[in-house]
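The primary structure of each chain is shown beneath.
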Amino acid sequence: MMQKQRAKGQKESVFNNEVVSRFELYNSLFLTLPFYKIKDTGTLLPLFIKYCEEGVTNHETPEMIINSFFSKYTQLHTKKDIIDLLFRFIQYIERQVVLFDAVEDASFNKLNADDEENALLSYLKKGVDNHFLTDKIDKLIEDFSLRLVLTAHPTQFYPGSVLSIITDLTTAIKTNEISTIHLLLQQLGKTPFFNKKSPTPVDEALSLAWYLENVFYFAAANIQSGIDKTLAEYSIAPKKIVELGFWPGGDRDGNPNVHTDSTIQVSKMLRQILFRCYYRDFKNLKRRITFRGVEDAVSTVHDILYKNAFNPDMDPENISEDVIKHLLDIKGTLLKDHDGLFADLVSDLIRKVELYGCHFASLDIRQDSRVLRDVHAFCRQSKPIISLFPENYDELSEQDKISALSFKSARVIYSEKVDSLIEDTLLTIAEMKQIQDSNGNLACHRFIISNCQQASDILQLMELFLWNGWEEDNLTIDFVPLFETVHDLADAAKIMETLYLHPFYKKHLESRGNKQDIMLGFSDSTKDGGYLMANWSIFNAKVALTETANKHNIQLAFFDGRGGPPSRGGGKTHRFYASMGKEIANKNIQLTIQGQTISSQYGSIDSAEFNIEQLINAGISAGIREKHNILLDPMHKRLLDEMADDSFESFVALRKHPLFLSYLERFSPLTLLSKITISSRPVKRNSGEALKLEDLRAISFVTSWSQLKQNIPGFYGVGTALKNQEMKGNWDKVVETYNESGYFKTIVENCMMSMSKADFAITAHFANDKDYGAFWTVLFNEFELSKQMLLKLSGQTTLMENYPAEKRSIAVREKIVLPLVLIQHFALEQLQGDVSEQEQQSLEKLAIRTVYGIVNAGRNLA
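A. Main features of the pattern of salt bridges. Evaluation of the coordinates by the stated rule reveals 37 salt bridges. Its salt-bridge partner being D143, residue K139 comes within 2.6 Å of it at the nearest N-O pair. Pair noted here: K139 and D143 are both in helix α7 (residues 131-143), with a separation of four residues, about one helical turn. As a salt-bridge pair, D771 and K770 come within 3.5 Å of each other at their nearest N and O atoms. When its relative accessible area of 46% is taken as the criterion, D771 is described as partly exposed. Three or more residues joined by partner-sharing salt bridges are found here, namely D228, D281, D348, R351 and K352.

Quick look at the structure:
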């Protein structure tokens with residue numbers, strides 16, 4: 001215990017010295033830079049920050065704080081002048097966030113030096129004299145994989161130019177190159193942060209591909225190299241562990257801007273960027289390999305890579321095996337005739353081609369089941385398919401619908417103009433085949449059905465493939481149901497049971513190696529049922545789905561749709577995988593990486609390697625130990641069932657409150673999010689209609705609460721659930737569950753992380769609002785109750801007490817962006833009054849602009 005306390009203290013000390021002190025030093029340098037139109041801003045900003053802190057402490061309104069500051073410290077009195085200076089404050093603070101990110105990233109290795117050791121190596125060492133353990137490791141490695149899927153959810157705001165500055169700034173800070181830092185800070189001050197217009201899906205893909213090219217290309221290969229070397233030491237054959245996935249250009253669920261041509265362009269772009277990476281590596285390799293005997297092979301590989309990297313007019317083919325063959329020839333010659341000199345460099349490139357093929361990352365296609373049902377209905381009215389179905393097909397029961405499906409190959413014939421979504425679906429299904437032919441089967445092999453509610457949603461989609469150019473015997477597609485709501489999660493196992501027993505689906509699964517991917521949505525389940533119910537529903541669904549898969553000898557992989565914050569499945573993700581227990585399939589870890597999680601956890605090669613390794617360690621440890629999950633024991637399960645029900649009841653009552661949505665619209669930037677030029681995706685489904693909670697995207701829902709600094713989806717109902725157990729006399733049992741269950745402990749710790757980023761003091765003046773005061777008090781009381789009960793349960797005196805460095809990081813970041821929060825509230829408050837059209841536009845821009853900095857500073861807020 002003392003050793004743990006000492007380690008925590010040391011980490012906090014390192015953080016203060018390496019991060020906080022250096023940030024303050026470089027920030028003082030930054031504040032004195034003479035940027036255009038911001039004379040004296042650097043002098044006024046520290047005063048404004050202090051004024052904001054004092055104002056919040058005194059529960060003053062943003063309007064009072066800002067008007068008082070301008071009256072005391074400036075000669076500015078017109079609305080235009082005040083808004084102009086507030087904009088300049090925002091520009092500075094946005095760049096302070098970037099500076100803090102760079103300083104923290106530069107200290108990454110020092111802050112994480114003593115974290116978990118390599119689990120694979122540790123178990124292999126233990127297995128030297130233990131044949132049973134060695135065989136177990138061998139089998140686990142054969143089955144194990146980790147797939148990271150990058151998504152285009154709109155919370156990653158930095159363009160490539162800013163990301164490059166962050167990378168260079170981080171490098172300069174590592175070695176304290178003051179002159180370089182000074183130049184980069186000047187560049188940062190003059191570089192625009194945001195687009196003037198919303199990006200297209202292809203723009204989003206290109207922006208996200210920056211991470212593939214500059215981070216994952218190296219990090220995943222380095223991790224794979226380490227695994228291969230470790231396995232080789234113990235005479236175990238190498239195994240590809242790390243896989244990459246990609247959603248921009250393929251995810252069209254609720255995004256009318258994604259079309260078939262977007263998908264085609266993105267697949268070509270990924271291929272071209274990958275071959276440029278290969279070519280860059282090979283050019284360096286070519287400078288070393290200057291020996292006789294390899295000239296022809298080197299020339300051949302050079303020509304292949306160059307053409308694929310830079311000739312946009314060539315017909316792409318899946319040539320990865322040919323490239324590997326030529327590289328193996330070069331390596332063989334080096335080993336045979338040149339003492340193996342530089343053979344390791346060739347091996348490194350071979351490893352990368354084995355990892356990334358011709359596709360770089362697998363492009364997933366996703367569409368809503370309701371759209372797919374409409375497509376199937378359209379095809380049923382087309383020749384020759386109309387003859388295969390009864391006229392009353394839509395009125396049939398689920399069982400009768402499934403019986404009516406014939407799975408006959410056909411070709412949809414339609415001449416009249418069709419709905420754009422229907423046409424896109426049909427064209428995309430056909431185009432997936434072409435992408436596979438060009439870039440390999442792994443380039444585009446999954447179709448995800450979101451809002452999946454019945455087995456026929458999957459089976460009807462399979463028919464659509466057979467009607468659009470695919471043959472049953474060569475259907476190289478994995479059909480992935482996505483279960484999202486609490487209700488759908490409860491029905492998931494029954495739906496999969498129906499599929500596993502269906503002859504056509506069973507035969508198809510056999511052709512895919514009896515492997516089934518199932519996606520589970522954390523974001524929508526939280527929006528639907530609250531934090532605790534969402535996590536517990538997903539846990540129970542995983543247990544039931546695993547049991548069903550095992551019964552049918554199916555190798556199951558859960559694909560977790562995780563966002564950045566705990567309320568969307570984020571937080572300390574690896575701890576969830578380490579604590580699953582043997583009752584949950586965990587040998588193929590798959591998860592989405594969204595928004596700022598990409599830049600905060602995978603923004604540099606160092607941080608990406610660390611976080612990939614943590615996930616692999618978690619999966620290996622859980623796979624070797626195969627511990628029983630105690631949450632399935634009657635006492636613990638009954639407790640969690642009751643707590644989940646109580647929290648669900650509390651959260652749903654809040655959602656049904658007549659002021660719930662209007663509170664968000666009135667006090668958060670929810671209604672302005674659609675004007676932010678960061679995403680091709682609308683804020684809500686059915687974007688032409690009035691705002692309804694069920695249509696609101698989970699990401700917009702969570703972002704709005706985080707902007708308010710209330711983070712309701714991350715904790716609401718937890719305090720009530722725990723208090724109810726205490727009142728029933730079950731507190732000792734709850735504490736026992738917390739101490740014994742790593743899974744429940746992670747739920748609690750992530751909840752505390754969410755709450756540590758909330759600050760109700762900022763909105764304390766809402767309590768006096770005649771319309772919303774009572775509603776704000778309901779939120780505040782649940783926050784205080786949750787905080788009290790969680791601290792009592794965990795034995796801590798403050799939130800995140802066990803993670804002092806992270807707690808300190810959050811505190812510094814919250815201090816940096818406090819003025820942004822108040823400026824946002826000030827702007828929204830002013831918009832409620834009588835303003836001119838020009839003032840309205842300026843105030844809306846002011847409020848919108850604050851969103852970027854607040855989200856970026858939080859690193860996993862949205």
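B. Representation of helix α9 (residues 178-190) within the structure. For α9, which comprises 13 residues, the first-to-last C-alpha distance of 19 Å matches the rise-based estimate of 18 Å (1.5 Å per residue) to within 8%. Of all the positions in α9, only I181, L184, L185, L188 and G189 are classed as buried. The arc that holds the buried residues of α9, viewed along the axis, is 140°, so those residues lie on one side. For α9, the exposed residues lying more than 90 degrees away from the buried face are S179, L183 and K190.

C. Here's a closer look at the packing of helix α2 (residues 41-57) against helix α4 (residues 79-106). Direction vectors running N to C along α2 and α4 enclose 85°, while the axes themselves pass 10 Å from each other. Relative to α4, the element α2 is oriented roughly perpendicular. Note on element contacts: α4 touches α2 through L85, L86, R88, F89, Y92, I93 and Q96, opposite T41, G42, L44, L45 and F48. Of the residues contributing to the contact of α2 with α4, the split by class is eight nonpolar, three polar and one charged.

D. Molecular detail of helix α18 (residues 455-466). Over its twelve residues, α18 runs 17 Å from end to end, which matches the ideal 16 Å to within 8%, given 1.5 Å per residue. Burial runs high along α18: twelve of the twelve residues are buried. Listed as buried for α18 are A455, S456, D457, I458, L459, Q460, L461, M462, E463, L464, F465 and L466.

E. Highlighting the nonpolar core. Formed by 272 residues in total, the largest nonpolar core has its most connected members in I330 and F447. Setting aside anything within four residues of it in sequence, one finds F447 in contact with I365, Q367, L372, I429, M432, L461, F465, I477, D478, F479 and V480. In this structure, W247, L482, M519 and F559 belong to the second largest nonpolar core, which totals seven residues.

F. Structural detail: the state of the cysteines. Per the stated rule, a full pass over the model turns up zero disulfides. Note on C452: no disulfide assigned, nearest cysteine sulfur contributed by C379 at a separation of 18 Å.

G. Seen up close, the sheet that holds strand β6 (residues 478-483). Spatially, nine strands are ordered β3-β2-β1-β9-β8-β7-β6-β5-β4 in an open sheet, and the strand pairing comes out parallel. Where the open sheet ends on each side, the last strands, each with one partner, are β3 (362-363) and β4 (365-368). Bridge count between β4 and strand β5 (residues 446-450): four bridges; the pairing is parallel. Across the sheet, residue I365 finds its bridge partner in β5, namely F447. Contacts between helix α19 (residues 486-501) and the sheet are confined to β6, β7 (515-521) and β8 (555-561), with β6 contributing the most and set at about 155° to the helix.

H. Seen up close, unusual backbone geometry. K383 connects to P384 through a cis peptide bond whose omega is -5°. Along the chain, P384 turns up in the loop between α15 (369-380) and α16 (398-404). The phi dihedral of H59 falls on the positive side, at around 60°, and the residue is not glycine. Along the polypeptide, H59 turns up in the loop between α2 and α3 (62-73). The class for H59 is partly exposed, based on a relative accessible area of 48%.

I. The arrangement of the side chain of T151 in detail. In this structure, T151 sits in the loop between β1 (145-150) and α8 (160-174). Those residues in contact with T151 that lie beyond four places of it in its chain are L208, W247, P248, T592, I593, Q594 and I598.

J. Representation of the packing of helix α31 (residues 742-756) against helix α32 (residues 773-794) within the structure. At a minimum axis distance of 11 Å, the contact between α31 and α32 shows a crossing angle of 135°. In terms of their interaxial angle, α31 and α32 are classed as oblique. Remark: the crossing between α31 and α32 carries left-handed chirality. From α31, F744, V748, C751, M752 and M755 reach across to α32, where they touch F783, S786, K787, L790, L793 and S794. Of the residues belonging to the contact of α31 with α32, the class tally is eight nonpolar, two polar and one charged.

K. How the structure looks around the packing of aromatic side chains. As enumerated under the stated definition, the model contains 46 aromatic pairs in all. Note on Y306 and F310: the rings are 5.0 Å apart at their centroids and 45° apart in plane angle, and the pair reads as tilted. Pair noted here: Y306 and F310 are both in helix α12 (residues 295-310), with a separation of four residues, about one helical turn. Owing to a relative accessible area of 42%, Y306 belongs among the partly exposed residues under this scheme. We classify F310 as partly exposed; its relative accessible area is 36%. In this structure, R380 packs its charged tip against the face of F389, placed 6.0 Å from the ring centre.

L. Region of interest: a negative patch on the surface. Negative charge collects at one region of the surface, where D315, E317, E321 and D322 lie side by side. Secondary-structure assignment places D315 in the loop between α12 and α13 (320-337). Overall, the relative accessible area of 65% leaves D315 in the exposed class.

M. Structural view of the environment of T170. Inspection of the secondary structure puts T170 in helix α8. The buried category is assigned to T170, whose relative accessible area is 9%. Look past the residues within four positions of T170 in its chain and what remains in contact with it is A102, D105 and A106.

N. Seen up close, the environment of A557. By the secondary structure assignment, A557 is in strand β8. We classify A557 as buried; its relative accessible area is 4%. When the C-alpha positions of A557 and Q725 are compared, they lie 34 Å apart, and in sequence the two are 168 residues distant. When neighbours within four sequence positions are excluded, A557 is seen to be in contact with Q516, D517, I518, N588 and Q590.

The rules we used
- Per chain, residues are indexed from 1 in the order of the written sequence.
- Residue-level local features of this predicted model are given only where pLDDT is at least 70; pairs of side-chain atoms are given and counted only at 80 or more, and the full residue set underlies all totals for whole chains, interfaces and linings.
- By convention in this description, side-chain values take in all heavy atoms of the structure and omit both hydrogens and water.
- We define a salt bridge as a contact between a side-chain nitrogen of Lys or Arg and a carboxyl oxygen of Asp or Glu at a distance within 4 Å.
- Counting from the N terminus, the helices are DSSP H or I runs at least four residues long and the strands are E runs at least two residues long.
- Residue burial is assigned from relative accessible area. The probe radius is 1.4 Å, only protein chains are included, and a residue is buried under 20% of its type maximum, exposed over 50%, and partly exposed in between.
- By this rule the span expected of a helix is its residue count minus one, scaled by 1.5 Å.
- The arc in question is traced by the directions running from the helix axis to the C-beta atoms.
- Think of each axis as a best-fit line through the C-alpha atoms, taken over the contacting stretch in the case of a helix, with angles from 0 to 180 degrees between the N-to-C directions.
- In these notes the angle categories are as follows: under 35 degrees is roughly parallel, over 145 is roughly antiparallel, 65 to 115 is roughly perpendicular, and the rest is oblique.
- Contact between two residues is taken to exist if any of their heavy atoms lie within 4.5 Å; hydrogens are not considered.
- Three categories are distinguished: nonpolar for Ala, Val, Leu, Ile, Met, Phe, Trp, Tyr, Cys and Pro, charged for Asp, Glu, Lys and Arg, and polar for the others, with Gly belonging to the last.
- Put simply, a nonpolar core is a bunch of buried Ala, Val, Leu, Ile, Met, Phe, Trp, Tyr and Cys residues held in one set by side-chain atoms that sit within 4.5 Å of each other.
- Disulfides are defined as pairs of cysteine sulfur atoms found within 2.5 Å of each other.
- At least two DSSP bridges between two strands are required for those strands to pair.
- Handedness of a crossing is defined here by the sense of rotation of the near helix relative to the far one, left-handed for an anticlockwise turn of less than a right angle and right-handed for a clockwise turn.
- Whether two aromatic rings pair depends on their centres lying within 6.5 Å, for rings of Phe, Tyr and Trp, where Trp uses its six-membered ring; planes under 30 degrees apart make the pair stacked, over 60 edge-to-face, and the rest tilted.
- Any Lys NZ or Arg CZ that is within 6 Å of a ring centre and within 35 degrees of that ring's normal is treated as a charge sitting over the ring.
- Residues form patches when they are more than 30% accessible in relative terms and have no salt bridge. Like charges link within 9 Å. Nonpolar side chains (Val, Leu, Ile, Met, Phe, Trp, Tyr) link within 5 Å.
- The accessible surface values rely on the Shrake-Rupley method and a 1.4 Å probe; as for residues, cover is taken only from the protein chains in view.
- In this charge count, Lys and Arg are treated as positive and Asp and Glu as negative; neither His nor the chain ends contribute.
- The location of each charge is read from NZ of Lys, CZ of Arg, CG of Asp or CD of Glu.

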